[in-house]
There are 6 protein chains.
Amino acid sequence: MDNSEIIKVEQQRIDGRAAHQLRPMRVTRNFIKHAQGSVLIEVGDTKVICTAMVEDKVPPFLKGQKKGWVTAEYEMLPASTNTRKSRDRNRGKIDGRTMEIQRLIGRSLRSVIDQTMLGERTIWIDCDVIQADGGTRTAAITGSFLALHDALSGLIEAGKIAEMPITNYVAATSVGIYQGEAIVDLCYEEDSNAEVDMNMVMTEAGEIIEIQGTGEERPFKKEELQKLLELGEASIKGIIAFQKDTLQD
Amino acid sequence: MDNSEIIKVEQQRIDGRAAHQLRPMRVTRNFIKHAQGSVLIEVGDTKVICTAMVEDKVPPFLKGQKKGWVTAEYEMLPASTNTRKSRDRNRGKIDGRTMEIQRLIGRSLRSVIDQTMLGERTIWIDCDVIQADGGTRTAAITGSFLALHDALSGLIEAGKIAEMPITNYVAATSVGIYQGEAIVDLCYEEDSNAEVDMNMVMTEAGEIIEIQGTGEERPFKKEELQKLLELGEASIKGIIAFQKDTLQD
Amino acid sequence: MDNSEIIKVEQQRIDGRAAHQLRPMRVTRNFIKHAQGSVLIEVGDTKVICTAMVEDKVPPFLKGQKKGWVTAEYEMLPASTNTRKSRDRNRGKIDGRTMEIQRLIGRSLRSVIDQTMLGERTIWIDCDVIQADGGTRTAAITGSFLALHDALSGLIEAGKIAEMPITNYVAATSVGIYQGEAIVDLCYEEDSNAEVDMNMVMTEAGEIIEIQGTGEERPFKKEELQKLLELGEASIKGIIAFQKDTLQD
Amino acid sequence: MDNSEIIKVEQQRIDGRAAHQLRPMRVTRNFIKHAQGSVLIEVGDTKVICTAMVEDKVPPFLKGQKKGWVTAEYEMLPASTNTRKSRDRNRGKIDGRTMEIQRLIGRSLRSVIDQTMLGERTIWIDCDVIQADGGTRTAAITGSFLALHDALSGLIEAGKIAEMPITNYVAATSVGIYQGEAIVDLCYEEDSNAEVDMNMVMTEAGEIIEIQGTGEERPFKKEELQKLLELGEASIKGIIAFQKDTLQD
Amino acid sequence: MDNSEIIKVEQQRIDGRAAHQLRPMRVTRNFIKHAQGSVLIEVGDTKVICTAMVEDKVPPFLKGQKKGWVTAEYEMLPASTNTRKSRDRNRGKIDGRTMEIQRLIGRSLRSVIDQTMLGERTIWIDCDVIQADGGTRTAAITGSFLALHDALSGLIEAGKIAEMPITNYVAATSVGIYQGEAIVDLCYEEDSNAEVDMNMVMTEAGEIIEIQGTGEERPFKKEELQKLLELGEASIKGIIAFQKDTLQD
Amino acid sequence: MDNSEIIKVEQQRIDGRAAHQLRPMRVTRNFIKHAQGSVLIEVGDTKVICTAMVEDKVPPFLKGQKKGWVTAEYEMLPASTNTRKSRDRNRGKIDGRTMEIQRLIGRSLRSVIDQTMLGERTIWIDCDVIQADGGTRTAAITGSFLALHDALSGLIEAGKIAEMPITNYVAATSVGIYQGEAIVDLCYEEDSNAEVDMNMVMTEAGEIIEIQGTGEERPFKKEELQKLLELGEASIKGIIAFQKDTLQD
């Protein structure tokens, strides 16, 4: 998972990586037996269980339209973070960050699905972070794409749908500016001190599905944005190559 | 509010505007007497009441740090949309879109505030949409910057703070690709049919505070992103000029 | 809005009014474009947006009875009061005062509607207080009657209902005893220090729809009640004349 | 409990009573051993457990003011009504009618308490309706006054307060217009078909604490209001005599 | 309610009872007029209102299966305990202990019901504790069995069901180890200091429906368990004899 | 994990086990890096992540008592069951079964902890079921004992507490009667069809901490209870031996 030929290394990072270097990524498929698709994705110390479960009905707003739906939920286990994270259910409401993330995951996956080919089905994506070290939302997107792919392959094998409704590969990563330098795939330590933080969701062809950049510490220049875009695109190409390898096993 | 010299008009839009043309913007200052700062901002048919209220304490996580805080809430009145929008309080939870938006407003304003100069105070920003026709979140940012500015001017006049803690002007607009063309400041009709939708929050110097782009109908190319960035930057320059005019009245 | 001929002035009030004198009242019709009826009503510094939206179905308990329903919701914007009012949605429950008020508005309007003539429709009344200075609930009733009237006129014009289902004009005001004297249309300052506080909802003919009186500081005598009733009746007559003028514009 | 000398009987009611006749009232004191004051009050088939519990602290808004507080909660048991009433806790919110009633009870009792003499204490009043047949809110007020009296007598006996902080007796009843006639103490059957419904809370001296009248079926005339006030006053006098008897046992 | 012949008395308890001696039990049938079955059960100072209401439909998961359902809710009135117990509805969630208890009551009653003979009906059991002195859950089971029996007898009399769907008598009591000795029917004082606490639900034939034992202060030996089982069985036999007497009245 | 010498095999079970035979058990220690203690416990196809996190404060009711607290939360991931389990947070309340289970885990662990030796600390136990195939609550107890042990060993190593506050080993298993035969460690299929279901929590010495038995399909005889107790005791001895092995690694 090294795209060192593409971008030049500038200085060593907290965990010894070069600016453009992704953390080691590992995927365990069929991690949960009850889900039609399920993976444990590990990106460095970030670990997320992504599952895809098929339900043979659609939400009310899609009823009778001969189309399917993909929706996602995201949650962090209490022990996934350094300080124990209280469960949302105890406060009786989902926190804002969680909301944002699960909406992002849902949109990202829907954008590469042909809803008509899916038939009147809902695919429930669940991303449960069991250990967090930065980049949980992008790991969740990359991993749940694989779970979704496995679940849909299962539907094809079972003769329930004719062809794969996935129109494109999709993966995500974070980029940011940390101590003045553009870096990729930020770990928690980097993420909490980054001047600029940007999440990118892209296709195999380098097209953009989602881009969300924030000047956490200061506004950032257009030139910085360009550098981040470049870095992110190169990295996501690498991740999609990895996804393809994984699915061929 | 016409920046027609900057970008060439290509075709007429639903409401007769050119691609690069913003809707008419109007601001009524001191709209609500109880708030230290308050404006009614109108962007075309979108109307948002933005207020800034000062509280002389900070949230627990900032206690004792001699810094202030700016936080935002956003809500749509039931009659603001075509089909009556049920109040969040009746469902007992805030909807995900609302969460995303109010977090965006808060982050945008905090990024141009020197929290130390603010002292141990919280500025509560409330953005209540009374009529929606696309672009409510960007109107809310543009308008609440003005309400915030007025509230802080009041603190200076009252001798409570020494200098203006605002470090930069900030405004926002939406850009998108609609029927293959890049356009700015989308009305509701355009927004719901756009292929690509992007919100930009920028400073006077053209630096980026937030950028959130989504391929609603399809992934989008880097070249499209570039065009959108250009269009957004030019437009936000115009909006900030308008903000300055308003504050000089 | 001066009914000085009817009741004798006794002493000057906080804002210079006579005991029997109403505050200036202003109504802006068609304030929100998405609602079938909508007004901004201003009673002194109290400002309420009242909207009426038509939905072509009825609540479950009325299904199949060939009758319609009118229901109301009331909310105060956070900046409407001197000290910021936290949103109900954040506490996950509607506060008791809000409940009382919205039930009062709903009952008052339903009492002048022929539900059968309405057909199987629900009229949703929303009263959002943007600035409060006493008398928000009575302003809401007076204003939402107008919004309701406009919405129903629209249904008639559209040929959806044959005749106006409104059987009576209805308006409301507050009366109270303040420093020993009976006064009408209390502003916030008066209201919070009144010994007795009473809200009256009446028809054009001076008949009572709702009457709610409370001895805030002390029990009150029957003679005081009589004086308040008289004062309220005269005032509501004036308000209904104003409503008629407004609707003739 | 017959005040037949005071008002002339006109026609027989559903349960055989005369228009001005109250239902039989029964009170069992010390009904619950853990509460400092507790009664079971029965008004015809309406049965309410009213308890008063003393807590040695006040709500935040009264802290340090050397004053006490009286607050009330009201709830109906599921089996108290003909059709099982779902518990508020299951819907996660208190229904509007319950809110209104418990606020009314609290205000009524506070109006006859000298908060300063109470010291920094809260008296929690709980009114749990175990069987409902109309008039539960007025029975709750009448009964919880007795529970409150017993709890305060206990504080005096224990030497915790010097004198009785109650400044006045208070009781309540309902009056209404049913089939064109003014009647008192409506049972459920009468209440649900009444044209006008009014709850009155009064002192021994016939002064008004709360009055809430609603034209359920039609607006009502001032003359009708006068008749209802008269009827209610006479009846409450009788109820207060009964309260005094009860407390002398 | 003395089964002194069965087990030998060893030492006197707080309230003067022998180890094996139950508290006095009293049942008032038809306590609430609106419920098809209703009792007030008193076990010493523990008092619970148990009602059974019949609804002519079943929960979704049983639809179309020609079977009925029995479900239970349990709640404590605020004044039922020494320190006022805040209502669940105010915290917006049911507390864990309440959940456990109402599930236990429901399971216990369902285990002696032939659901098919019940027809497509739900029996709602409500157990409202008005005064608590230990053993509220077991009193609730014993009492609600009687309310259920009365409600079902009513259905038979009304010709709605052919035969009694109850297959067995069921009653419950608590046993425990207190100061080293096995005792039955613990009052609150004993219960809060018991080393071991066990609730038993049994049939007339001495068969077990539910058994829940906890080593509150220390783990307990198998021999202790045996002693508790014996004690509980003998006591429940006595309670069931009492239930039969009650129903024959 | 075979205790075949202790109890005689009678017939083969669904998964080929003998009646007295436990499923294979596997434990991965230090599964989550942020928790002071954490294990993944697998019992057949049941997989639970158990973590123990230390917080240096106690709940309000223990403040100033120089004692610590152990509390547990339990949750099932949506994909842990055959049909996707909706998250508690979405319904805004914790389901009853979850409540029961987490209270059981907490009580079980507290019964083998010397709270005084723990100091003023709370140990938060989290049990998240990632895959369920029966026996999740007993696996959670067995596993979280290990996580708790590891967390406390860490406190000793860090010099924060002097000695191990654990007074006893504790483990749990389920026993039940299935097709007339007593079996141990029921898988989901067996559990859902068992006539009798019992969970046992015991110490190394065979003493009982919790016992919860339910006649799901029918009441059960005392002789059956005895057989189940015997079977459970022998099995828990085996599990505790396994726990000791694990901790010695």
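On a predicted model such as this, the values are computed, not experimentally measured, just so you know.

A.B. asks: Requested: an account of the overall build of chain A, with residues and values cited.
C.D. replies: Along chain A, the regular secondary structure elements total six helices and nine strands. For 249 residues, the compact-globule estimate of 2.2 N^0.38 gives 18 Å, and the C-alpha radius of gyration of chain A, at 18 Å, lies within 12% of that figure. By its C-alpha atoms, chain A is 55 × 45 × 30 Å across when sized along the principal axes. Excluding contacts between residues fewer than 6 apart, the proportion of contacts in chain A whose partners are at least 24 apart in sequence is 66%. Per element, the accessible surface of chain A, about 9,400 Å² overall, is 46% carbon and sulfur. When the 31 basic and 39 acidic side-chain charges of chain A are each reduced to a single mean position, those positions are 6 Å apart.

A.B. asks: Let's hear about the interface of chain A and chain B: which residues, and what values?
C.D. replies: One frequent convention defines the size of an interface as the accessible area lost when the parts assemble. On the chain B side, the residues contacting the 29 residues of chain A number 29 residues. Carbon and sulfur atoms make up 53% of the surface buried where chain A meets chain B, a total of about 2,700 Å² over both sides. Where chain A meets chain B, there are six salt bridges. In this structure, B:Glu100 and A:Arg103 form a salt bridge, with 2.6 Å as the shortest nitrogen-oxygen distance. Linking chain A with chain B are 15 residue pairs in polar contact (both at pLDDT 80 or more), by the criterion used here.

A.B. asks: Break down the interface of chain A and chain F for me, with residues and values.
C.D. replies: On the chain F side, the residues contacting the 36 residues of chain A number 36 residues. Counting the surface lost from both chain A and chain F, the interface buries some 3,100 Å², and carbon and sulfur atoms represent 50% of this. Three residues stand out in chain A for area buried against chain F, namely A:His34, A:Arg84 and A:Arg89, and they jointly supply 25% of the buried area on that side. Counting every contact that joins chain A to chain F gives 22 salt bridges. Among the ionic pairs, A:Asp45 bridges to F:Lys33, the shortest N-O distance being 2.8 Å. Inspection of the region where chain A meets chain F yields 26 residue pairs in polar contact (both at pLDDT 80 or more). Mapped onto the side of chain A that touches chain F, the elements with two or more residues apiece are β3 (46–55), β4 (69–76), α1 (88–91), α2 (96–110) and β5 (122–131) of chain A. Looking at the side of chain A that touches chain F element by element, the count peaks at six residues for β5(A). Looking at the side of chain A that touches chain F residue by residue, the class counts come to 14 nonpolar, 10 polar and 12 charged.

A.B. asks: Outline the relation of the copies chain A and chain B, listing residues and values.
C.D. replies: With an RMSD of 0.0 Å, chain A superimposes on chain B once it is rotated by 180° and translated 0.0 Å along the axis. As the rotation angle and translation indicate, the two copies are arranged about a two-fold axis. Rotation axis and chain A: the residue whose C-alpha lies nearest the axis is A:Gln212, separated from it by 2.2 Å. Taken as a fraction of all interface residues of chain A, those also at the interface in chain B reach 100%, which identifies the copy contact as same-surface.

A.B. asks: Could you give me a rundown of the pattern of salt bridges, with the residues and numbers involved?
C.D. replies: Side-chain pairing between opposite charges can occur once the charged atoms of the two side chains come close. Enumeration according to the criterion identifies 181 salt bridges over all chains in this entry. Across the pair D:Glu207 and C:Lys221 runs a salt bridge, and its minimum N-O distance is 2.9 Å. Highlighted residues: D:Glu207 in the loop between β8 (196–203) and β9 (208–215) and C:Lys221 in the loop between β9 (208–215) and α6 (222–248), drawn from two different chains. Judged by its relative accessible area of 17%, D:Glu207 falls in the buried class. Each of A:Arg13, A:Asp15, A:Arg17, A:Arg23, A:Asp45, A:Asp133, A:Asp185, A:Glu190 and F:Lys33 takes part in salt bridges that share partners, so that together they form one network.

A.B. asks: With reference to specific residues and values, describe the confidence of the model for chain A.
C.D. replies: All names here are of chain A. When the pLDDT values of chain A are averaged, the result is 93; 96% of them are 70 or greater. Under a pLDDT of 50 for its full length, residues 3–9 has, in the predicted model, 13 contacts with residues more than four places off or in other chains. On the interface metric, ipTM, the complex scores 0.92, and its pTM is 0.88.

A.B. asks: Describe the UniProt feature "binding site: phosphate" (unreviewed entry) in chain A, and please don't skip the residues or the numbers.
C.D. replies: Residue and element names in this part refer to chain A. In this structure's numbering, the residues bearing the UniProt feature "binding site: phosphate" (unreviewed entry) are Arg-97, Gly-135, Thr-136 and Arg-137. Look at the named residues: they lie 41 residues apart in sequence, but the longest C-alpha span between them is just 13.2 Å, so in the fold they bunch up. By secondary structure assignment, the location of Gly-135 is in the loop between β5 and α4 (136–157). Those residues in contact with Gly-135 that sit more than four places away from it in its chain are Arg-23, Thr-46 and Leu-186. Setting aside residues no more than four positions away along its own chain, Arg-137 makes contact with Arg-97, Glu-100, Ile-101, Leu-104, Asn-199 and Gln-212.

A.B. asks: So what about the nonpolar core? Which residues, and what values?
C.D. replies: E:Ile105, E:Ile125, F:Ile105 and F:Ile125 are the most contacted members of the largest nonpolar core, which has 128 residues in total. Other than its neighbours up to four places away in sequence, E:Ile105 contacts E:Ala72, E:Tyr74, E:Ile125, E:Cys127, E:Ala140, E:Ile141 and E:Ser144.

A.B. asks: How would you summarise the relation of the copies chain A and chain F if you had to cite specific residues and measurements?
C.D. replies: In screw terms, the move from chain A to chain F is a rotation of 180° and a rise of 0.0 Å along the axis, fitting with an RMSD of 0.0 Å. A share of 100% of the interface residues of chain A reappears at the interface of chain F, consistent with the copies meeting face to face through the same patch.

A.B. asks: Explain the environment of A:Glu217 to me, and be specific about the residues and the numbers.
C.D. replies: Residue and element names in this part refer to chain A. For Glu-217, the location among the structural elements is in the loop between β9 (208–215) and α6 (222–248). According to the relative accessible area criterion, Glu-217 is exposed, its value standing at 56%. A sequence separation of 21 residues divides Glu-217 from Val-196, and the C-alpha atoms of the two residues are 6.8 Å apart. Apart from the residues lying within four places of it in its own chain, the contact partners of Glu-217 are Ala-194 and Glu-195.

A.B. asks: Give a detailed account of the state of the cysteines, specifying residues and quantitative values.
C.D. replies: All names here are of chain D. Going through the model one piece at a time under the given rule, you end up with zero disulfides over all chains. Between Cys-187, a free cysteine, and Cys-50, which holds the nearest cysteine sulfur, the sulfur-to-sulfur gap is 20 Å. What makes Cys-187 buried here is its relative accessible area of 5%.

A.B. asks: Summarise the sheet that holds strand β2 (residues 37–43) of chain B; cite the residues concerned and give the values.
C.D. replies: Residues and elements named next belong to chain B. What the five strands build is an open sheet, ordered β1-β2-β3-β5-β4; its pairing is mixed. Edge positions in the open sheet fall to β1 (25–29) and β4 (69–76), since each of these has one partner strand only. Neighbour-to-neighbour, the strand axes of the sheet open up by a mean angle of 20°, direction not taken into account. Strands β1, β2, β3 (46–55), β4 and β5 (122–131) of the sheet are contacted by helix α4 (residues 136–157), whose axis makes an angle of about 35° with β3.

Conventions used here
- Residues numbered from 1 in each chain as written.
- Chains lettered and ligands numbered in written order.
- Predicted model: local features only at pLDDT ≥ 70, side-chain atom pairs only at ≥ 80, totals over all residues.
- Heavy atoms only, no water.
- Helix = DSSP H or I, 4+ residues; strand = E, 2+ residues; numbered from the N terminus.
- Rg over C-alpha atoms; globule rule 2.2 N^0.38 Å.
- Contact = heavy atoms within 4.5 Å.
- Areas by Shrake-Rupley, 256 points an atom, 1.4 Å probe, with all protein chains shown as cover.
- Lys, Arg positive; Asp, Glu negative; His and termini not counted.
- Charge placed at Lys NZ, Arg CZ, Asp CG, Glu CD.
- Buried area = accessible area lost by both parts, 1.4 Å probe.
- Salt bridge = Lys/Arg side-chain N within 4 Å of Asp/Glu carboxyl O.
- Polar contact = N/O pair within 3.5 Å; in protein donor to acceptor, adjacent residues only side chain to side chain.
- Nonpolar A, V, L, I, M, F, W, Y, C, P; charged D, E, K, R; others polar.
- Least-squares fit on C-alpha atoms with pLDDT ≥ 70 in both.
- Buried < 20%, exposed > 50% of the residue type's maximum accessible area, 1.4 Å probe, protein only.
- pLDDT = per-residue confidence, 0-100.
- UniProt positions renumbered as here; feature names shortened; annotations may be inferred.
- Core = buried A, V, L, I, M, F, W, Y, C linked by side-chain atoms within 4.5 Å.
- Disulfide = S-S within 2.5 Å.
- Pairing = 2+ DSSP bridges.
- Axes fitted to C-alpha atoms, helices over the stretch in contact; angles between N-to-C directions.

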